[in-house]
Amino acid sequence: EAQVTQNPRYLITVTGKKLTVTCSQNMNHEYMSWYRQDPGLGLRQIYYSMNVEVTDKGDVPEGYKVSRKEKRNFPLILESPSPNQTSLYFCASSFDRQGSPLHFGNGTRLTVT
Amino acid sequence: AQSVTQLDSQVPVFEEAPVELRCNYSSSVSVYLFWYVQYPNQGLQLLLKYLSGSTLVESINGFEAEFNKSQTSFHLRKPSVHISDTAEYFCAVSAVNAGNMLTFGGGTRLMVKP
């Protein structure tokens, strides 16, 4: 089954404790992206990747890191999480063609206390 | 840069009634337009998209949206909603020739009541 898999679904952590949210897709998509969803703000892009070893900042990259060492994986790293990073996070992927639909994971709800 | 405004954060409607979810965008270049739907505890799924051609696009479950370039709008409509349409709907745009960089609106929560 074609899918984008994020883990974990729920994560509660404390300020400053490094964490990684994993994302994997099995559709051979070139393009992958991370978004955060906050009430009333819709989805805002954190980072994206056009292909292996090619990443770039989105609209809200501060406090986040990503890597793309393999085509299928695109982990999101929070080196020192802060409470303002409490949010719902989505990974998405698509073919690198204009208008190609984004395929989303089921989300990771992160709480930073 | 593009921006998207969804004018209603919540839309309550009774089952079998018609509904319109409004979306306006701003862009200095030509755009592609999308509607995504998010059911509870799930990720977003593509509902329909406008890339070119006919300005009226339809989804498989009865929704339609019309691209209106002069009004910079892409409103989503359904003539008769079902309980199962209860979800959050997101309008999104991407600039032509800008790959898959999407800008999302704030979302509209459609609440269908029996």
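Look above for the structure.
What counts and what doesn't
Residues numbered from 1 in each chain as written. Chains lettered and ligands numbered in written order. Predicted model: local features only at pLDDT ≥ 70, side-chain atom pairs only at ≥ 80, totals over all residues. Heavy atoms only, no water. Helix = DSSP H or I, 4+ residues; strand = E, 2+ residues; numbered from the N terminus. Rg over C-alpha atoms; globule rule 2.2 N^0.38 Å. Buried < 20%, exposed > 50% of the residue type's maximum accessible area, 1.4 Å probe, protein only. Contact = heavy atoms within 4.5 Å. Areas by Shrake-Rupley, 256 points an atom, 1.4 Å probe, with all protein chains shown as cover. Lys, Arg positive; Asp, Glu negative; His and termini not counted. Charge placed at Lys NZ, Arg CZ, Asp CG, Glu CD. Buried area = accessible area lost by both parts, 1.4 Å probe. Salt bridge = Lys/Arg side-chain N within 4 Å of Asp/Glu carboxyl O. Polar contact = N/O pair within 3.5 Å; in protein donor to acceptor, adjacent residues only side chain to side chain. Phe/Tyr/Trp six-rings, centres within 6.5 Å; stacked < 30°, edge-to-face > 60°. Pairing = 2+ DSSP bridges. Core = buried A, V, L, I, M, F, W, Y, C linked by side-chain atoms within 4.5 Å. 1 Å grid on protein atoms, 1.4 Å probe; cavity = no way out; pocket = protein on both sides within 12 Å on 5 of 7 lines; lining within 4 Å. Points joined across faces, edges and corners; volume = space filled by probe spheres on them. Nonpolar A, V, L, I, M, F, W, Y, C, P; charged D, E, K, R; others polar.

A. Here's a closer look at the overall build of chain B. Along the backbone of chain B there are 0 helices and 12 strands. The order of α-helices and β-strands along chain B, N terminus first, is β-β-β-β-β-β-β-β-β-β-β-β. On C-alpha atoms alone, chain B measures out to a radius of gyration of 14 Å, which is about the 13 Å that the 2.2 N^0.38 rule sets for 114 residues. If one aligns the C-alpha atoms of chain B with their principal axes, the spans along those axes are about 45 × 30 × 25 Å. Counting only residues that meet the buried cut, chain B has 46% of its 114 residues in that class. Counting only contacts in chain B whose residues sit at least 6 apart along the sequence, the fraction spanning at least 24 positions is 57%. Entry remark: accessible area of chain B is about 5,400 Å², with carbon and sulfur atoms responsible for 49%. When the 7 positive and 9 negative side-chain charges of chain B are each reduced to one mean point, those points stand 6 Å apart.

B. Spotlight on the interface of chain A and chain B. Every contact between the two is made by 25 residues of chain A and, on the other side, 24 residues of chain B. Contact between chain A and chain B buries roughly 1,700 Å² in total, counting both sides, with carbon and sulfur atoms accounting for 52%. The interface formed by chain A and chain B includes 0 salt bridges. The tally of links from chain A across to chain B stands at 3 residue pairs in polar contact (both at pLDDT 80 or more). Taken together, the elements giving at least two residues each to the side of chain A that touches chain B come down to strand E4 (31–38), strand E5 (42–51) and strand E9 (87–94) of chain A. Considering every element that reaches the side of chain A that touches chain B, the biggest residue donor is E5(A), with 4 residues.

C. Representation of the packing of aromatic side chains in the model. Evaluation of the coordinates by the stated rule reveals 13 aromatic pairs over all chains. Every member of this aromatic cluster is reached through a ring pair, and the members are A:Tyr35, A:Phe90, A:Phe104, B:Phe34, B:Tyr36, B:Phe90 and B:Phe104.

D. Representation of unusual backbone geometry in the model. Geometrically, the link from A:Asn7 to A:Pro8 is a cis peptide bond, its omega value of 0° lying close to zero. Counting through the fold element by element, A:Pro8 comes out in the loop between strand E1 (4–7) and strand E2 (10–13). Positioned with a positive phi, B:Glu16 is a non-glycine residue whose angle comes to about 75°. Among the structural elements, B:Glu16 can be located in the loop between strand E2 (10–14) and strand E3 (19–21). Under the relative-accessibility criterion, B:Glu16 is labelled exposed at 62%.

E. View of the pairing of E9(A). Residue and element names in this part refer to chain A. Of all 8 residues that make up E9, 8 are buried, and the element is covered over most of its length. As judged from the 7 bridges shared by E4 and E9, these two strands associate in the antiparallel manner. Residue pairing for E9: Tyr35 is matched across the bridge by Phe90. Sheet analysis places E9 next to strand E11 (residues 108–112), joined by 3 bridges and oriented antiparallel. Bridge pairing links Leu88 to Arg109 in E11. For E9 and strand E10 (residues 103–104), the ladder comprises 2 bridges, and the chain directions are antiparallel. Bridge pairing in E10 links Ala92 to Phe104.

F. Expanded view of the nonpolar core. Within the largest apolar cluster, 28 residues are counted, with the highest numbers of intra-cluster contacts made by B:Trp35, B:Leu48, B:Phe74, B:Leu76 and B:Tyr89. Grouped together as the second largest cluster of nonpolar side chains are 19 residues, A:Met32, A:Ile46, A:Tyr47 and A:Val60 included.

G. Region of the structure containing the layout of surface pockets. Here the largest pocket is characterised by a volume of approximately 570 Å³. If you go around the largest pocket, you meet 31 residues; those closest to its centre are A:Gln37, A:Leu88, B:Gln38, B:Glu88 and B:Arg109. At the level of elements, E4, E9 and E11 of chain A together with strand E1 (3–6) and strand E10 (87–95) of chain B are the ones that each hand at least two residues to the lining of the largest pocket. Across the lining of the largest pocket, the residue classes break down as 8 nonpolar, 18 polar and 5 charged. In this structure, the second largest pocket spans a volume of roughly 320 Å³.

Shape is all these values report; function is a separate question.
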